[in-house]
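Architecture and fold: a report
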Amino acid sequence: MGSDVWYFDSEILTRYPGKIYRQVKELRGNLLVIDGVEDSAYDEVVYIYSRDGRERAGRVLETKIGEAIVQVLGEREGLETDILVKFTGSTFKIPVSEDIVGRIFNGRFEPIDGLPPVVSGDWREITGAPINPVAREYPHDFIQTGISVIDGMFSLVRGQKLPIFSVSGLPHNIVAAQLARQATVRGEGEEFAVVFAGVGLRSTEANFFIEQFRETGAIERMVAILNLADDPAVERLMTPRIAMTVAEYLAFDLEMHVLVIMSDMTNYCEALREISTARGEIPGRLGYPGYMYSDLASIYERAGIIKGKRGSITLFPILTMPGGDLRHPIPDLTGYITEGQIFLSQELHTRGIYPPVNVLPSLSRLMKAGIGRGKTREDHRYVADQLYDAYSRGVKARDLARIIGEVGLSERMRRFLKFADEFEKVFVNQNPEENRPIEETLDRAWQALATLPEEELVRIPREMIEKYHPKYRG
Amino acid sequence: MSGRKGYIARVSGPVVTVKGLEDVKMGEVVYVGEEELIGEVVRISSDFFIAQVYEDTSGVRPKEPVVATGKLLVAELGPGLMSRTFDGIQRPLRDIRELIGDFVQRGVKVSALPRNKKWHFKPTVGKGAKVEEGDIVGEVAETPLITHKVMVPPGIKGRISWISEGDFTVDEPIAEVEYDGRRYELKMMHEWPVRRPRPFRERLPSELPLVIGQRVIDTFFPVAKGGAAAIPGGFGTGKTVTLHKIAMYSDSQIVIYIGCGERGNEIAEMLMEFPQLVDPRSDRPIIERSIVIANTSNMPVSAREASIYMGVTMAEYYRDMGYDVTLIADSTSRWAEALREIAGRLGEMPVERGFPAYLPDKIAEFYERAGRIKTLGRPEREGSVTILGAVSPPGGDFNEPVTIHTLRFVGAMWALDTELAYRRHFPAINWLRSFSQYADTVERWWTRNVSKDFPQYRRRALRLLTIASEIEAIASVVGEGALPDDQRLILLVSEILKEGFLRQVALSGEDVFCIPRKQYLLLKMIIDFFDKAYELITKRVSVDEITKVPEIFEMMRVKEDERGIKAVEDLYRRTMKKLDELAQKYGIIYSG
Ligand SMILES: Nc1ncnc2c1ncn2[C@@H]1O[C@H](COP(=O)(O)OP(=O)(O)OP(=O)(O)O)[C@@H](O)[C@H]1O
Ligand SMILES: [Mg+2]
């Protein structure tokens, strides 16, 4: 084989063990068809060496006797059929150890913070294995984010996966950073470790996060995996999986509570579509592959809590909805997998409300287990329900007022309209630096509800009204 | 079956091509690769066959061995199913956890029924008895709630040459059947190929409602025992919550819940709640009458495809014992997607949205396995399988293949509505788009057990809601204030109906299950209120005057009053009295 390596020093070629092939039959987008490969493993990792002296990774998408189809990770420019492909014999793994904390890596898990590579004998497959459903602990610990609209109406619990649906230009990154900064489980001193996966981000966006973490000192408890906009698109497929593998290690081996932030998962889905198209697969809606649901689930379902283990993984994927359309396959399939969603709205943003959370399509499915007496406050659930109901009536009144004018509204509808304004002003709107305890959040909710006549509060039991309504609290 | 060995020629995800093994049959189970992953033959060609593998195939290589087992994909049926949790190919998930830890790794083999557990078998027939398929020969107390009937498996008949009471494992013989000089050992377990419906004597009409305790379903869109219903809706509209409630509170004797490609935490929630929730009818925790199949969204896709058949086969098995079984599948769309993915890998021609042409057949076959039947064998008995399937249409738009074809084969649809869910009106079942073909057949049950005039109230309420929606459309253009009084009254009463009757959000307490009689009384209260108020309006009492009646707000929340029916009856009297006083004040004498 020595004669084959005319354009490589032997150091690189011996870095990974494995068999070398050079019969590339076809190059199609990011796919290589390689002849003469007898028995490569499905999903096996390969390294590709080309004349330009670059080394690229790839993985086997399909294998048969005498042929392998390989997906190239990394730049495809400069690839030609005269290349060497080395089959490593194993699937994609990353080394983990306590030393990864505080570090920054690229989408192939190579350090990009100038520090030396991680040395460890403990290698983990990045695809992970499904948590046995009977091993799961149902999440129930309320996380106070200090953001009223989230804590009050979409309470988050440890172990939940809750995406932020946004559109470009909205402050989703600021909201996510505020969340990461302020999130605490009350009564516990322990802070969250943060795993940040930047997927196809511009470097300014990535730097924004890193800076945020640096300022608060959170960087000590952070691992960042950054695939930037000018990094190879196919590596986006690995970035979230590496992040989850790191998170699993931190949560279930080192027993830490981990917050994972992934931004922007839309870029991940675009990369998935690209690969699928290159393979000539039957496209699903808008060209996204039919298996996108299962593929996203194989990432998101890795969040959670395991019985008998101390750590947890809480996940915030951020995605920008193409065309701002909630029915687009990306937000749609995400919503079918995650445990709720926080929906940011252009309209509220334009009106200067921060965080611009559109309350009606937002939801936290695990809220009920985390709130109430002994957890937040006994009136929480009823107040949230009532806010919803009243706000939806208020929004309806506002829409109607646009058609027939406010004077045309019934007296009752005018009251709800007034409530909606008050609600947005005293409850939703807050400062990106402001960290409100849950009691303040609920008291503000009552302040807004107090604009309505008491008998309209049909979703709150009498005794709660008498206890918490400002009128009775003097 | 040794020696039936071939080798892998190609791997593409869960689809593996195998050569060197000639005589396999469709549906045969094969062990694939060094790790012996479980697979099933899905296509046969002259010199190769294709298997779909139920586990992750990463790392599997061409040339690795493949062994044919000679068996179809079967379910193990016998005592030891009840109150347990399985994956899509019936591997018990608790045992897997004990064996290999918190993550499901591939290649684990654990039999569905425990082989070392002894059950006490009590014969119900004696030596010398003539038996045939479906006959009950004895009983086992499987859980405190479920008496497991041990039946003669399909295809067997003869005379009992011996049968004994005692403690046995599922694969020890408990009796012997002799026929024509041949002997057949009866065991408490047998196997059944999951893709084949179990036989029965005859279909019976479905006349009894499955009482669910959710007013909008029981009163307006009921499902009969032995019927099939679909619950389609976009994400977050309430499919899972509704189905969980049915699993927990309905009057099913047995519930089999298939978490098919959905969330792990939802399974965790059930497994947390089922052992704690006590069924008031039996005073026992409902886990004792439940089986959970969990093949979550991150577990292998092909096992997701199998999970549906696994579940319905177990349901038929308990049906054959004479039970009313409710089979819940959340979500059938994920199952259809699994079909699509496998079809795609097999290179089959897609027809609609990538789905193969046989999608409608598969859906029909599945729902066909619902029904109320007279079983085979003696003693004579009836049983039923009710199938309830969630459908998750992309973008919440029902105009897509899975929803469209499902609606052709079910008798009821609970159409979930994103708008209602956004307003937190739960269950977000749209009363204008939903339907039930069982409403007429189960009406007799209501008139016999609840009240003669129930059908009339039901129809009036539905009509009122329909008219109200038309008026609302007008009001959204001109404003409510511009409407005449009678129309505003209709809006008011429809509001009371929505809040006080249709909406049912309680997760505990009085309103979590509404008994049929209370459903009727609430409906009667609201409709009688309407009639009286309407008459007042025609006699010139303004609708504003009526809106001021404070009992209106009570009507909206009396459903949650812990005093139950008493509270409704009391409110009924007070409300009617209030209207009578109004009438008096205006000097009105009622016509009726
Ligand atoms: N009957 C109900 N009572 C109270 N809340 C409900 C009810 N139904 C739904 N909800 C609320 O809506 C949320 C979403 O419901 P659910 O999980 O059942 O949706 P789904 O239709 O199954 O969504 P997906 O398709 O994403 O699984 C619940 O977490 C709960 O907050
Ligand atoms: Mg669901």
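Because the structure is a prediction, the values reported are computed rather than measured.

So, the overall build of chain A
Of the regular secondary structure elements, chain A holds 15 helices and 19 strands. Taking 2.2 N^0.38 as the reference for a compact globule, 474 residues should give roughly 23 Å; the C-alpha atoms of chain A span a radius of gyration of 26 Å, in line with that estimate. Looking at the 474 residues of chain A, the share that counts as buried comes to 61%. A separation of at least 24 residues holds for 72% of the contacts in chain A among residues at least 6 apart in sequence. A total of about 16,800 Å² of accessible surface is found on chain A, and carbon and sulfur atoms cover 49% of it.

Some words on the sheet that holds strand β19 (residues 363-364) of chain A
Hydrogen bonds along the backbone pair up the strands of a sheet, which may run parallel or antiparallel. Residue and element names in this part refer to chain A. If you walk across this open sheet you meet the eight strands as β9-β15-β14-β16-β17-β13-β18-β19, and the pairing is mixed. At either margin of the open sheet sits one strand with a lone partner, and together these are β9 (104-106) and β19. Pairing between strand β13 (residues 164-166) and strand β18 (residues 340-343): two bridges, direction parallel. Pairing of Phe165 across the sheet is with Phe343, part of β18.

Examining the packing of helix α11 (residues 380-404) of chain A against helix α12 (residues 411-428) of chain A
All names here are of chain A. Packing of α11 against α12 leaves a shortest axis separation of 7 Å and a crossing angle of 115°. Here α11 lies roughly perpendicular to α12, going by the angle between them. Crossing of α11 over α12 shows left-handed handedness. Here Leu387, Ala390, Tyr391, Arg393, Gly394, Ala397, Arg398 and Leu400 of α11 lie close against α12, whose contacting residues are Arg412, Met413, Phe416, Leu417, Phe419, Ala420, Asp421, Phe423, Glu424 and Phe427. Tallied by class, the residues present in the contact of α11 with α12 amount to twelve nonpolar, one polar and five charged.

Side note on the packing of aromatic side chains
Scanning all chains against the criterion turns up 22 aromatic pairs over all chains. For the ring pair Tyr336(A) and Phe235(B), a centre distance of 5.7 Å and an interplane angle of 75° mean the geometry is edge-to-face. Here the residue Tyr336(A) occupies a position in helix α8 (residues 329-337), and Phe235(B) occupies one in the loop between β19 (228-232) and α3 (239-249), the pair thus bridging two chains. The same class applies to Tyr336(A) as to Phe235(B), namely buried. The ring of Trp119(B) carries Lys117(B) above its face, with NZ or CZ at 4.6 Å from the centroid.

Let's talk about the domain arrangement of chain A
Residues and elements named next belong to chain A. Once the domains are mapped, chain A shows domain 1 (10-90), domain 2 (94-370) and domain 3 (380-473). If you average the C-alpha positions of domain 2 and of domain 3, the two centres end up 32 Å apart. Between domain 2 and domain 3, the contact holds 28 residues from the first and 26 residues from the second. In total, domain 2 and domain 3 occlude about 2,100 Å² of area from one another, counting both sides; carbon and sulfur atoms represent 56% of this. The three residues of domain 2 that bury the most area against domain 3 are Ser148, Met153 and Leu360, which together make up 27% of that side's buried surface. The tally of links between domain 2 and domain 3 comes to three salt bridges. Between Arg351 and Glu424 there is a salt bridge whose closest N-O contact spans 2.1 Å. Our count for the domain 2 to domain 3 interface comes out at 19 residue pairs in polar contact (both at pLDDT 80 or more). At the level of secondary structure, the elements contributing two or more residues to the side of domain 2 that touches domain 3 comprise α2 (148-153), α3 (172-182) and α9 (346-350). Looking at the side of domain 2 that touches domain 3 element by element, the count peaks at five residues for α2. Residues of the side of domain 2 that touches domain 3, tallied by class, amount to 13 nonpolar, ten polar and five charged.

A word on the confidence of the model for chain A
Confidence in the prediction for chain A averages 90 pLDDT; 96% of positions are at 70 or higher. Under a pLDDT of 50 for its full length, residues 1-8 of chain A has, in the predicted model, 20 contacts with residues more than four places off or in other chains.

Focus on the interface of chain A and chain B
Between chain A and chain B, the residue contacts involve 78 residues of the former and 77 residues of the latter. A combined buried area of about 6,500 Å² lies between chain A and chain B, and 55% of that area is made up of carbon and sulfur atoms. The tally of links between chain A and chain B comes to nine salt bridges. In this structure, Glu495(B) engages Arg412(A) in a salt bridge whose closest nitrogen and oxygen atoms are separated by 3.9 Å. For the pair chain A and chain B, the interface holds 34 residue pairs in polar contact (both at pLDDT 80 or more). Taken together, the elements giving at least two residues each to the side of chain A that touches chain B come down to β5 (55-64), β7 (84-91), α5 (239-253), α7 (292-300), α8 and α11 of chain A. At seven residues, the largest contribution of residues to the side of chain A that touches chain B is made by α11(A).

Section: the site of ligand 1
Surveying the vicinity of ligand 1 reveals 18 residues, the closest of which are Gly236(B), Lys239(B), Thr240(B), Val241(B) and Arg263(B). Surrounding ligand 1 is a set of residues that belongs to chains A and B. Within the backbone of Thr237(B), one N or O atom sits 3.4 Å away from an oxygen atom of ligand 1. In the model, an oxygen atom of ligand 1 is placed 2.8 Å from a nitrogen or oxygen of the Arg263(B) side chain. Broken down by secondary-structure element, the contributors of at least two residues to the shell around ligand 1 are α8 of chain A together with α3 of chain B. Counting residues per element, the shell around ligand 1 draws most heavily on α3(B), at four residues. A class-by-class count of the residues in the shell around ligand 1 yields six nonpolar, seven polar and five charged.

With respect to the environment of Thr338(A)
By the secondary structure assignment, Thr338(A) is in the loop between α8 and β18. Note on Thr338(A): relative accessible area 0%, which makes it buried. A sequence separation of 175 residues divides Thr338(A) from Pro163(A), and the C-alpha atoms of the two residues are 7.0 Å apart. Those residues in contact with Thr338(A), other than ones at most four positions away along the chain, are Lys161(A), Pro163(A), Tyr300(A), Arg365(A) and Arg263(B). From its side chain, Thr338(A) meets the backbone oxygen of Gly340(A) in a polar contact 3.0 Å long.

Examining unusual backbone geometry
Residues Tyr354(A) and Pro355(A) are joined by a peptide bond in cis, for which omega reads -10°. Within the secondary structure layout, Pro355(A) lies in the loop between α9 and β19. Going from Asp330(B) to Ser331(B), the amide bond is cis rather than trans, its omega being 10°. Of note in the backbone geometry, Gln90(B) takes a positive phi value of approximately 65° without being a glycine. By secondary structure assignment, the location of Gln90(B) is in the loop between β8 (85-86) and α1 (93-100). For Gln90(B), a relative accessible area of 4% translates into the label buried. Phi at Arg540(B) is positive, roughly 75°, even though this residue is not glycine. Mapping Arg540(B) onto the fold places it in the loop between α13 (516-538) and α14 (543-547). Taking relative accessible area as the criterion, Arg540(B) reaches 76% and is therefore assigned exposed.

Reading guide: rules and limits
- Residues numbered from 1 in each chain as written.
- Chains lettered and ligands numbered in written order.
- Predicted model: local features only at pLDDT ≥ 70, side-chain atom pairs only at ≥ 80, totals over all residues.
- Heavy atoms only, no water.
- Helix = DSSP H or I, 4+ residues; strand = E, 2+ residues; numbered from the N terminus.
- Rg over C-alpha atoms; globule rule 2.2 N^0.38 Å.
- Buried < 20%, exposed > 50% of the residue type's maximum accessible area, 1.4 Å probe, protein only.
- Contact = heavy atoms within 4.5 Å.
- Areas by Shrake-Rupley, 256 points an atom, 1.4 Å probe, with all protein chains shown as cover.
- Pairing = 2+ DSSP bridges.
- Axes fitted to C-alpha atoms, helices over the stretch in contact; angles between N-to-C directions.
- Parallel < 35°, antiparallel > 145°, perpendicular 65-115°, else oblique.
- Left-handed = near helix turned anticlockwise from the far one by under 90°.
- Nonpolar A, V, L, I, M, F, W, Y, C, P; charged D, E, K, R; others polar.
- Phe/Tyr/Trp six-rings, centres within 6.5 Å; stacked < 30°, edge-to-face > 60°.
- Lys NZ or Arg CZ within 6 Å of the ring centre and 35° of its normal.
- Domains from an automatic or database assignment.
- Buried area = accessible area lost by both parts, 1.4 Å probe.
- Salt bridge = Lys/Arg side-chain N within 4 Å of Asp/Glu carboxyl O.
- Polar contact = N/O pair within 3.5 Å; in protein donor to acceptor, adjacent residues only side chain to side chain.
- pLDDT = per-residue confidence, 0-100.
- Near = heavy atom within 4 Å.

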